[in-house]
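# Inside the fold
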2 protein chains.
Amino acid sequence: MAGPDESAVGPGEFELIERLFAKLAGPGGLSLKDDAAILKPRSGCDLVLTKDAIAEGRHYLPDDPPGDIARKLLRVNLSDLAAKGARPRAYLLSCAWGPGIDVGWIEAFCAGLAEDQAAYHIELLGGDTIRVDGPTVLSLTAIGEVAAGQMVRRAGARIGDDVYVTGTIGDAALGLLVTTGALALASPANEALVQRYRVPEPPVSFGAILADLAHASVDVSDGLLADLTHMCEASGVGAEIEQDAIPLSPFVQEGLRQSPDLWERVLCGGDDYQTLFTASADRAAEVIAAARKTAIQVTKIGRVAAEKINLLDDSGNPVIVSREGFRHF
Amino acid sequence: MAGPDESAVGPGEFELIERLFAKLAGPGGLSLKDDAAILKPRSGCDLVLTKDAIAEGRHYLPDDPPGDIARKLLRVNLSDLAAKGARPRAYLLSCAWGPGIDVGWIEAFCAGLAEDQAAYHIELLGGDTIRVDGPTVLSLTAIGEVAAGQMVRRAGARIGDDVYVTGTIGDAALGLLVTTGALALASPANEALVQRYRVPEPPVSFGAILADLAHASVDVSDGLLADLTHMCEASGVGAEIEQDAIPLSPFVQEGLRQSPDLWERVLCGGDDYQTLFTASADRAAEVIAAARKTAIQVTKIGRVAAEKINLLDDSGNPVIVSREGFRHF
C-alpha cells in the first residue's frame with residue numbers, strides 16, 4: 001500500500017494523515033492513492049539510490065522540533081546523493097511512530113518536509129505509516145539522477161589529487177555535546193551548534209557539479225577521518241591532511257579555544273553531512289569556480305599520497321588521533 | 001552511508017553484519033561499500049517503487065522465525081509490485097533492531113532474504129542498520145520494472161469487466177487468530193494457516209503478465225472487500241461479487257465449517273497479499289492461459305457494475321458485511 005496503514009492509527013487519524021502526506025506527493029506518487037509509485041528516469045541517466053533511517057533517542061532527541069527532525073531525515077539522505085554527484089529527484093518515506101506522536105506533531109513534521117521539498121525541488125513518491133510501542137523510527141529512500149556511468153565512487157582517488165571538503169567540520173559533533181549538557185559555550189555559539197546537529201546542511205547544489213570534477217568522493221557522516229579512511233581504502237591510496245586547513249565555523253573555533261581536547265570530536269564525531277572529495281590538481285581553478293557558482297564553501301585540506309593517512313600539524317609533523325572513529329589507523 | 005551504522009552496533013558486530021549483508025548485494029549495490037547504489041533502468045521501462053515497513057508485535061510476533069520475518073518483509077512489498085504488473089528487480093533495506101536481536105538472529109534473517117532473492121531474481125542495493133531501545137522496525141523499498149506507461153493502476157476498471165483474484169483469501173487472517181489463540185483447528189490446518197500469516201505468497205510471476213491483461217488492479221492487504229472498495233472508488237464504478245466464488249483453501253473451509261462467523265474475517269481480515277484485478281470479459285481465455293502458464297491460481301469472483309459494491313449469496317441476494325474493513329459501505 002502506498003498510503004498510511006489504516007489499521008494502525010484509526011480511521012479519523014488515518015484520513016487526516018493521508019491528507020497531510022498527499023499534499024507532498026508529486027505526479028509520480030499518484031497522490032499516494034495507489035499501491036506503488038512510477039518513476040520514469042530521464043534518458044541518458046542512471047538512478048542513484050540511498051536509504052538511511054533515524055530513530056528517536058539515537059539520532060534526534062524526543063523534544064526536538066518535528067520539522068527539524070523531518071529535515072534531518074531528508075538531508076542525511078540528500079547528503080549521500082550529493083557526495084555521489086547526483087541531483088536529488090524524489091523520495092519514499094516510512095514512519096513508525098511511537099506513542100507520543102499525535103496529529104499535531106505529524107502536521108509539523110510534514111511542514112518540515114514541504115519546506116525542504118521546495119528548497120531541493122524533490123517530491124514524495126510513497127511509503128507508509130505504522131504505529132509502534134517504542135521509539136519512533138523514520139526511514140527514507142532518496143533517489144537522484146546522474147549522467148550514465150558518472151556516479152562518483154569512493155574508489156577513484158589518484159595519487160597527487162587534491163583533497164577537498166565542503167562546508168565546515170565539527171559543528172554537529174559539538175552541537176550534540178551541547179544538547180546533552182557536556183559542553184556549554186556562550187550565545188550564539190550554543191544555539192548555532194545545536195541547530196547544525198538538528199538540521200544538517202549538505203552541499204546539494206554542489207553535488208550536481210561534482211560528477212564532472214571529482215575522482216572520488218564520500219559523504220562525511222561517520223567523522224572526517226573515518227570517512228577519509230573509507231575513501232582511501234576503497235581507492236587503495238593514502239592521504240596527507242593539514243589540520244590547520246580543515247574548515248571550522250567560528251562556533252567550533254570558540255569551542256576549541258575553550259577546550260583544545262575537542263579536536264578529537266571535531267575530526268571523529270561525525271554527523272557533518274558534508275562532501276569529502278578528490279580532484280586532479282590541474283582542475284583547482286574549476287573547483288573554485290564551481291564553489292563560487294553554487295555558493296558552497298569548498299576548502300582544500302590536503303592531497304592524496306601513496307599510502308598511510310597522515311594528519312599534519314603546522315610544522316608538518318604527524319598528529320596522533322586515537323578515537324574509535326579513527327580506529328583503522 | 002550504504003552499510004550498517006557502525007556507531008550503533010559496535011565494531012565487531014558491525015563487521016560481521018557487514019559481511020552478512022554484503023553477500024546479498026548485487027552489482028548495483030557495489031557490495032554495500034559506497035554511499036549509494038546505482039540503478040540503470042532498462043530502455044523503454046518505467047520503474048515502479050513501493051515501500052512498506054513491518055514492526056515486531058504488530059506485523060509479526062517476537063518469536064517468529066527470523067527467516068520468515070525477512071521473507072514477509074520482502075513479500076509484502078513484492079505483492080505491491082505484482083499488483084501493478086511490475087517485475088521485481090531490486091530492493092533497499094533499513095533495519096532498526098531492538099535489544100533482543102543478536103547476530104545469530106540477523107544471520108537467520110539474512111538467510112531468509114537470500115532464499116527469496118534466489119526465488120524472485122532480485123538483489124539488495126543498499127540500506128542501513130541501527131539499534132533502537134524498543135520494538136524492531138524493518139522497512140523495505142522494492143523496485144520493479146514495467147513497460148513504459150503500462151503500470152496497472154487502481155483506477156481503470158470498466159463496467160462489464162470480470163473481477164478476478166489470485167490465490168486464496170482469508171488464510172492469513174485466520175492464521176493470525178490461530179497465533180493469538182483465538183482460533184484452534186485440527187492439524188495440519190492450524191500450522192498451514194499460521195504459515196500463510198507468517199510468509200505470504202504474492203503472485204509475483206503472474207504480475208509480470210498482468211500489465212497486458214488488466215484494466216485495474218490492487219494488492220489485497222487491507223482485506224478483500226476494503227481493497228475492492230479502493231479499486232472501485234478509484235475507478236468510479238461498483239461491483240457484484242459472488243461470495244461462493246471467492247477462492248478458499250481447504251484450511252479456511254475447515255475454519256468456516258467450525259464457525260461460519262469467520263466469514264467476516266475472511267473477507268475483511270487482510271494480509272492476503274494476493275492481486276485483485278479486472279479484465280475485459282472477452283479476454284477470459286487469455287487470463288486462464290496466463291494463470292496456467294505461471295502456475296498461479298486465478299479465480300473469477302464477479303463483475304464490475306455501474307455503482308455500489310454488492311456481495312451476493314448463492315441466491316443472488318446481497319450479504320451484509322459490517323466490519324470496519326468494509327466501513328465505506
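As the structure is a computational prediction, the values presented were derived from the model and not from experiment.

On a plain count of helices and strands, chain A comes out with 11 helices and 11 strands. Its C-alpha atoms give chain A a radius of gyration of 21 Å, within 12% of the compact-globule value 20 Å for 329 residues. Across its three principal directions, the C-alpha atoms of chain A cover 65 × 50 × 35 Å. Counting all 329 residues of chain A, 57% fall into the buried class. Here the analysis covers contacts within chain A between residues at least 6 apart in sequence; of these, 86% occur between residues at least 24 apart.

What follows deals with the domain arrangement of chain A. Residue and element names in this part refer to chain A. Split by domain assignment, chain A resolves into domain 1 (6-147) and domain 2 (162-316). Between the C-alpha centres of domain 1 and domain 2 there is a distance of 27 Å. In this complex, domain 1 contributes 21 residues to the contact, which on the side of domain 2 involves 19 residues. Mapped by element, the contributors of at least two residues to the side of domain 1 that touches domain 2 are α3 (66-83), β3 (87-97) and β5 (137-147). Looking at the side of domain 1 that touches domain 2 element by element, the count peaks at 11 residues for α3.

To continue, consider the environment of B:L140. All names here are of chain B. With respect to the secondary-structure elements, L140 resides in strand β5 (residues 137-147). Judged by local crowding, L140 falls into the buried class, with 28 C-beta atoms found within 10 Å. Each C-alpha atom of the pair L140 and D244 lies 36 Å from the other, and the pair is 104 residues apart in sequence. Setting aside residues up to four positions removed in sequence, L140 forms contacts with K51, D52, L73, L74, N77, Y91 and L93.

It is worth spelling out the interface of chain B and chain A at this point. Taken residue by residue, the interface counts 55 residues in chain B and 55 residues in chain A. Examining the composition of the side of chain B that touches chain A, we find that nine residues originate from one element, strand β2 (residues 45-55) of chain B, more than from any other. Across the side of chain B that touches chain A, the residue classes tally to 27 nonpolar, nine polar and 19 charged. Bridge count between strand β1 (residues 37-39) of chain A and β2(B): three bridges; the pairing is antiparallel. Within β2(B), the position partnered with A:I38 by the bridge is B:V48.

This part is about the packing of helix α5 (residues 171-179) of chain A against helix α6 (residues 189-198) of chain A. All names here are of chain A. At their nearest, the axes of α5 and α6 sit 7 Å apart, and the two run at 110 degrees to each other. As judged from the angle between their axes, α5 and α6 are roughly perpendicular. The two elements α5 and α6 meet at a crossing, and its hand is left-handed. Here α5 contributes D171, A172, L174, G175, L176, V178 and T179 to the contact with α6, which in turn contributes N190, L193, V194, R196 and Y197.

So, on to the relation of the copies chain B and chain A. For these two chains of identical sequence, chain B goes onto chain A by a turn of 180 degrees and a shift of 0.0 Å along the axis, with RMSD 0.0 Å. Here the transformation between the copies is reduced to the relation of a two-fold axis. Within chain B, B:G134 has its C-alpha nearest the rotation axis, a separation of 2.3 Å. Here 100% of the interface residues in chain B have copies in chain A that are interface residues too; the copies meet face to matching face.

Residues and elements named next belong to chain A. Burial of α5 is extensive: eight of the nine residues sit out of reach of the surface. Listing the buried residues of α5 in full gives D171, A172, A173, L174, G175, L176, L177 and V178. Tucked into the core, α5 has its buried residues touching α6, α9 (250-258) and α10 (263-268). A positive phi of about 85 degrees marks G181, the residue just after α5.

Moving on, we come to the sheet that holds strand β4 (residues 123-131) of chain A. The sheet built from five strands is open, its strands ordered β4(A)-β3(A)-β5(A)-β2(A)-β1(B) with mixed pairing. Since the sheet does not close on itself, it has two edges, and those belong to β4 of chain A together with β1 (37-39) of chain B, each with one partner. Recorded for the sheet is a direction-independent mean angle of 20 degrees between the axes of neighbouring strands. Bridge analysis of β3(A) against β5(A) gives nine bridges, and the strand direction is antiparallel. When the bridges of β5(A) are listed, A:A96 appears paired with A:V137. The sheet strands contacting α3(A) are β2 (45-55), β3 and β5 of chain A, and the helix crosses β2(A) at an angle near 140 degrees.

On a regular strand, one side chain projects to one face of the sheet and the next to the other, so that they alternate. Residues and elements named next belong to chain B. In terms of burial, strand β3 (residues 87-97) is a largely internal element, 11 of the 11 residues being buried. Two elements, β3 and strand β4 (residues 123-131), share eight bridges in a ladder whose sense is parallel. Within β4, the position partnered with L93 by the bridge is G127.

Residue and element names in this part refer to chain B. The sheet built from six strands is open, its strands ordered β7-β9-β6-β10-β8-β11 with mixed pairing. The open sheet has two free edges, formed respectively by β7 (216-220) and β11 (309-312), since each of these has just one partner strand. Taken over all neighbouring pairs, the strand axes of this sheet differ in orientation by 25 degrees on average, direction set aside. Sheet topology places strand β6 (residues 162-166) next to strand β9 (residues 274-279); four bridges connect them, and they run antiparallel.

On to the pairing of β4(B). When you tally the buried positions in β4(B), you get eight out of nine residues, the bulk of the element. Traced from β3(B) through helix α4 (residues 103-120) of chain B to β4(B), the parallel crossover comes out right-handed.

Time to look at unusual backbone geometry. Look at the link from A:S187 to A:P188: it is a cis peptide, with omega at 5 degrees. Within the secondary structure layout, A:P188 lies in the loop between α5 and α6. Notably, A:H121 is not glycine yet its phi reads approximately 60 degrees, a positive angle. Tracing the backbone through its elements, the reader meets A:H121 in the loop between α4 (103-120) and β4. Positive phi outside glycine occurs at B:D271, with the angle close to 65 degrees. Looking at the element boundaries, B:D271 is found in the loop between α10 (263-268) and β9. When the 22 C-beta atoms within 10 Å are taken as the criterion, B:D271 is described as buried.

Turning our eyes to something else, we now look at the nonpolar core. Membership of the largest hydrophobic core comes to 210 residues, with the highest contact counts inside it found for A:Y91 and B:Y91. Ignoring any residue separated from it by four or fewer positions in sequence, one finds A:Y91 in contact with A:L74, A:N77, A:I122, A:L124, A:L125, A:L140, A:T141, A:A142 and A:I143.

Let's shift gears to the confidence of the model for chain A. Reading fine detail from the predicted coordinates is not recommended where pLDDT is low. All names here are of chain A. In this model, chain A carries an average pLDDT of 91, and 93% of its residues clear a pLDDT of 70 or more. Overall, residues 1-8 carries pLDDT values under 50, and its contacts beyond four positions in sequence, including any with other chains, amount to 30 contacts. Under a pLDDT of 50 for its full length, residues 323-329 has, in the predicted model, 17 contacts with residues more than four places off or in other chains. Across the assembled chains, the prediction reports ipTM 0.89 with pTM 0.91.

What counts and how
- Residues numbered from 1 in each chain as written.
- Chains lettered and ligands numbered in written order.
- Predicted model: local features only at pLDDT ≥ 70, side-chain atom pairs only at ≥ 80, totals over all residues.
- Helix = DSSP H or I, 4+ residues; strand = E, 2+ residues; numbered from the N terminus.
- Rg over C-alpha atoms; globule rule 2.2 N^0.38 Å.
- Buried ≥ 20, exposed ≤ 12 C-beta atoms within 10 Å, placed from the backbone.
- Contact = placed C-beta atoms within 7 Å.
- Domains from an automatic or database assignment.
- Nonpolar A, V, L, I, M, F, W, Y, C, P; charged D, E, K, R; others polar.
- Pairing = 2+ DSSP bridges.
- Axes fitted to C-alpha atoms, helices over the stretch in contact; angles between N-to-C directions.
- Parallel < 35°, antiparallel > 145°, perpendicular 65-115°, else oblique.
- Left-handed = near helix turned anticlockwise from the far one by under 90°.
- Least-squares fit on C-alpha atoms with pLDDT ≥ 70 in both.
- Right-handed = clockwise from strand over helix to strand, strands pointing away.
- Core = buried A, V, L, I, M, F, W, Y, C linked by C-beta atoms within 7 Å.
- pLDDT = per-residue confidence, 0-100.

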